[in-house]
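Geometric and topological summary
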Amino acid sequence: MIDFTSLGLGYNLMIFAAAAAAVWIAGVYLTTYADAIAEVTGAGHAVVGIILLAGVTSLPEIGVTATASLAGDAKLAVNNLFGSIALQVALLAIIDFYVGRRALTAVVPEPAVLVQGSLNIILITVAAAAMVIGDIGVLGVGIWPTAFLAGYVLCVWILANAEGKHPWLAARGGKVEQELMDELKRPEIGAKPHEALRTLFLKTALVALVILVAGFVLARSGDAIARQSGLGSSFVGFVLIAFATSLPELSTAISATRRGLYTMAISDILGTNLINVAMVFLVDLLYSGEPVINLMDDFAVFGALLAVVLTALFQTGLSERRDKSFLRMGYDSIGVIIVYALGVFLLYTLRQSS
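Residues numbered from 1 in each chain as written. Predicted model: local features only at pLDDT ≥ 70, side-chain atom pairs only at ≥ 80, totals over all residues. Heavy atoms only, no water.

On to the overall build of the protein, then. Helix and strand content of the protein: 13 helices and six strands. Across the 354 residues that make up the protein, the buried fraction comes to 53%. Contacts in the protein between residues at least 24 apart in sequence constitute 84% of all its contacts with a sequence separation of at least 6. (Helix = DSSP H or I, 4+ residues; strand = E, 2+ residues; numbered from the N terminus. Buried < 20%, exposed > 50% of the residue type's maximum accessible area, 1.4 Å probe, protein only. Contact = heavy atoms within 4.5 Å.)

The structure is reproduced here in structure tokens:
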């Protein structure tokens, strides 16, 4: 394995940029294939977003988490996971800016997205509480990480059963947006026939391989760049490595919004965040010491709570469906950016003790 820390800063920057470009291009193709798979299989965009897109775009986090855990750096592994959760909610604000004319949370009529947001808040809050309470190991794995994994499986089951059901319909100006719902179900005019499902899955697998390799290179080169700056391991994991491993989500989400697949874009982000909590199980499984929950300090707890607040802010925007925007973003997105920036600043002050 290449030791990126032995390379000069200039080389690491070039490697980081090249890997970022590869991830970005792969993300564009991934969204196209995911959309086609959703149409061919009849699965909704929310389900495809949480299972397929979120699963593939989580590959860099899995690689970094496994590597850091095996190397004995549990703090870096866990803070990377929760840093990605917080950052990816902030990325939704960037996507909102890209949408521009209307607030992102005002153009998503699917109730399943609200369910996803609520499940995120529950699971992340439980994780924060676990860090305060502490953990005990059973057969080499802590009780809490096992509960996180089981909780993720339950979340997927709930969302799969919620897909396609509309216990309520979105409204704007007092009028139900039934026409918008019908439009979302209507095939595009002049759309080309979809490829065979087997071919789509093969292409998706190839794109996933690119994202896995390029995402891992992103994380390792980013880690080398960060360590040369003298920042602490927890801060590096929460901010810089989290940014590197979140590039696939940003690429696929922007590509999805470009195609008008707003539900898929948000489901990708929120689905990845659920996976990140479940991956604490992987950290505990690979780490050779005591239960990793017991190693978490105030930095990790604050980071998890920051992710909860950011998700709740975005959830509020989804519920309110306010169409007004400022600086090309909804008020909820502006709030997310401000809170995230403040949170990162406070985490910077906590880094010395972590």
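So that's the structure; there's more coming.
Locating Asp284 in the fold gives a position in helix α11 (residues 280-286). Buried charge without a partner: Asp284 forms no salt bridge, and the closest opposite charge is Lys75, 15 Å away. (Lys, Arg positive; Asp, Glu negative; His and termini not counted. Salt bridge = Lys/Arg side-chain N within 4 Å of Asp/Glu carboxyl O.)

Bringing the packing of aromatic side chains into the picture now. Taken as a whole, this structure holds two aromatic pairs when the rule is applied. Note on Tyr29 and Tyr33: the rings are 6.3 Å apart at their centroids and 35° apart in plane angle, and the pair reads as tilted. With Tyr29 and Tyr33 both in helix α1 (residues 9-41) and four residues apart, the pair spans about one turn of that helix. By relative accessible area, which is 12% here, Tyr33 ends up buried. (Phe/Tyr/Trp six-rings, centres within 6.5 Å; stacked < 30°, edge-to-face > 60°.)

A cluster of nonpolar side chains, namely Ile136, Val138, Leu139 and Ile143, defines an oily patch on the protein surface of about 440 Å² accessible area. Tracing the chain through its elements places Ile136 in the loop between α5 (111-133) and β1 (137-138). (Patch = residues over 30% accessible without salt bridge, like charges linked within 9 Å, V, L, I, M, F, W, Y side chains within 5 Å. Areas by Shrake-Rupley, 256 points an atom, 1.4 Å probe, with all protein chains shown as cover.)

The next subject is the packing of helix α3 (residues 59-70) against helix α4 (residues 74-99). Put simply, α3 and α4 touch, their axes get as near as 7 Å, and they point 160° apart. The pairing of α3 with α4 is recorded here as roughly antiparallel in orientation. For the pair α3 and α4, the sense of crossing is right-handed. Contact with α3, carried on its side by Glu61, Val64, Thr65, Ala68 and Ser69, involves Ala74, Leu76, Ala77, Asn80, Leu81, Ser84 and Gln88 of α4 and no other residues of that element. Here the residues of the contact of α3 with α4 sort into six nonpolar, five polar and one charged. (Axes fitted to C-alpha atoms, helices over the stretch in contact; angles between N-to-C directions. Parallel < 35°, antiparallel > 145°, perpendicular 65-115°, else oblique. Left-handed = near helix turned anticlockwise from the far one by under 90°. Nonpolar A, V, L, I, M, F, W, Y, C, P; charged D, E, K, R; others polar.)

With that settled, consider the pattern of salt bridges. Throughout the structure, instances matching the rule amount to one salt bridge. For Lys75, the salt bridge goes to Asp297, with nearest N and O atoms at 3.2 Å. Here Asp297 lies in the loop between α11 and α12 (298-320) and Lys75 lies in helix α4, a separation of 222 residues in the sequence. On the basis of relative accessibility, which here comes to 26%, the residue Lys75 falls in the partly exposed class.

Below, the discussion takes up the packing of α4 against helix α10 (residues 262-278). It is at 8 Å that the axes of α4 and α10 come closest, and there the two elements cross at 170°. One way to sum up the angle between α4 and α10 is to call them roughly antiparallel. Where α4 abuts α10, its residues Leu81, Phe82, Ser84, Ile85, Gln88, Val89, Leu92 and Val99 lie against Tyr262, Ile266, Ile269, Thr272, Asn273, Asn276 and Val277. Residue composition of the contact of α4 with α10, grouped by class: 10 nonpolar, five polar and no charged.

As a further point, take the side chain of Thr204. Structurally, Thr204 can be placed in helix α8 (residues 197-227). Note on Thr204: relative accessible area 4%, which makes it buried. Reaching out from Thr204, the side chain makes a polar contact with the backbone oxygen of Leu200 at a distance of 2.8 Å. Residues in contact with Thr204, not counting those within four places in the same chain, are Leu30, Tyr33, Ile37 and Leu52. (Polar contact = N/O pair within 3.5 Å; in protein donor to acceptor, adjacent residues only side chain to side chain.)

Between its terminal C-alpha atoms α12 stretches 33 Å, which fits the 33 Å expected from 23 residues at 1.5 Å a residue. A side-chain oxygen of the first residue of α12 lies 3.2 Å from the backbone nitrogen of Phe299; this N-cap is Asp297. (Expected span 1.5 Å × (residues − 1).)

On to unusual backbone geometry, then. Non-glycine residue Leu139 carries a positive phi angle of around 60°. You can call Leu139 exposed: its relative accessible area is 86%.

In this section: the nonpolar core. Counting 92 residues, the largest nonpolar core has Phe82, Ile124, Met131, Leu218, Ile266, Leu274 and Val277 as the members making the most contacts within it. Among the elements that take part in this core, α4 stands out by supplying 15 residues, more than any other. (Core = buried A, V, L, I, M, F, W, Y, C linked by side-chain atoms within 4.5 Å.)

Looking at the secondary structure, you find Val283 in helix α11. You can call Val283 buried: its relative accessible area is 0%. Placed 209 residues apart in sequence, Val283 and Ala74 show a C-alpha to C-alpha distance of 6.8 Å. Beyond its immediate chain neighbours, meaning those up to four positions away, Val283 contacts Thr65, Ser69, Ala74, Ala77, Val78, Leu81 and Val292.

Another point: the environment of Asp135. Note on placement: Asp135 falls in the loop between α5 and β1. Judged by relative accessible area, which is 10%, Asp135 ranks as buried. C-alpha of Asp135 to C-alpha of Pro291: the two residues are 156 residues apart in sequence and 6.4 Å apart in space. The residues contacting Asp135, other than those within four sequence positions of it, are Gly142, Ile143, Trp144, Pro145, Asp284, Pro291, Ile293 and Asn294. Polar side-chain contacts of Asp135 include one of 3.1 Å to the backbone nitrogen of Ile143.

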